[in-house]
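Breakdown of the fold
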Amino acid sequence: TVAANGHTSVEAEDGFRTSKDYHNWCKRDKIAGYSGNGYYVVEPDSGTRVHIRPMEMSPGIEIPLKFEHAGKYRLWLRMSGPDTSGNSVYVGLDRQEVQSGKRMTVKPGGWRWLGDYEQGSPVMIEITEPGDHTLHLWMREDGVAIDRILLTTDPDFVPRNP
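As the structure is a prediction and not an experimental result, all values here were calculated from the model. (Residues numbered from 1 in each chain as written. Predicted model: local features only at pLDDT ≥ 70, side-chain atom pairs only at ≥ 80, totals over all residues. Heavy atoms only, no water.)

Before going further, it helps to spend a moment on the nonpolar core. Side chains of a nonpolar character, in soluble globular proteins, are inclined to be buried together. Residues Trp-25, Leu-75, Leu-77, Val-91, Ile-125 and Ile-149 are the most contacted members of the largest nonpolar core, which totals 32 residues. Elements with a contribution of two residues or more to this core: strand E5 (39–43), strand E6 (60–67), strand E7 (71–81), strand E8 (88–93), strand E12 (124–127), strand E13 (131–139) and strand E14 (145–152). (Core = buried A, V, L, I, M, F, W, Y, C linked by side-chain atoms within 4.5 Å. Buried < 20%, exposed > 50% of the residue type's maximum accessible area, 1.4 Å probe, protein only. Helix = DSSP H or I, 4+ residues; strand = E, 2+ residues; numbered from the N terminus.)

Below, the structure is given as structure tokens:
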């Protein structure tokens, strides 16, 4: 558990993984430029896309967080996708989808920080009560990789891409 106040960064591989059907978040180290000791990628990359009910239909990463303060937090994900059929995730908090994070889609190729919903609006998470919460990242398309997660109380903060 980490305290989310100001800027908080978490390695994806520090989260807990859940699997569905034959898809899993697998720890890997093949895409150059990752941080920490690896990243998670959804395998196998068979061109599968989940359109509805990601918490029931998709493998997930669960990241426990302890929020010191209520408020709005901007979410950034450091992601990579092999192609346009393997480059998006859903975001949730405490087993509920976050509407602004319904589809976070990264352009294929290398690692990039992404903080916007597919339609261009920032992904914001509202914490109404301080304390323990769980951030969820669910597969939308297999093949997508996640390296780091960043939460910030500064809505104008933009992490630097490599």
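A word on the environment of Pro-64. When you line up the elements, Pro-64 lands in strand E6. Considering only alpha carbons, one finds Pro-64 and Asp-132, 68 residues apart in sequence, at a separation of 7.1 Å.

The next thing to look at is the packing of aromatic side chains. Counted according to the given criterion, the structure contains 3 aromatic pairs. For the ring pair Tyr-39 and Trp-111, a centre distance of 5.1 Å and an interplane angle of 70° mean the geometry is edge-to-face. Highlighted residues: Tyr-39 in strand E5 and Trp-111 in strand E11 (residues 109–114), separated in sequence by 72 residues. For Tyr-39, a relative accessible area of 2% corresponds to the buried category. Each member of the aromatic cluster is reached from another via a ring pair, and the members are Tyr-34, Tyr-39 and Trp-111. (Phe/Tyr/Trp six-rings, centres within 6.5 Å; stacked < 30°, edge-to-face > 60°.)

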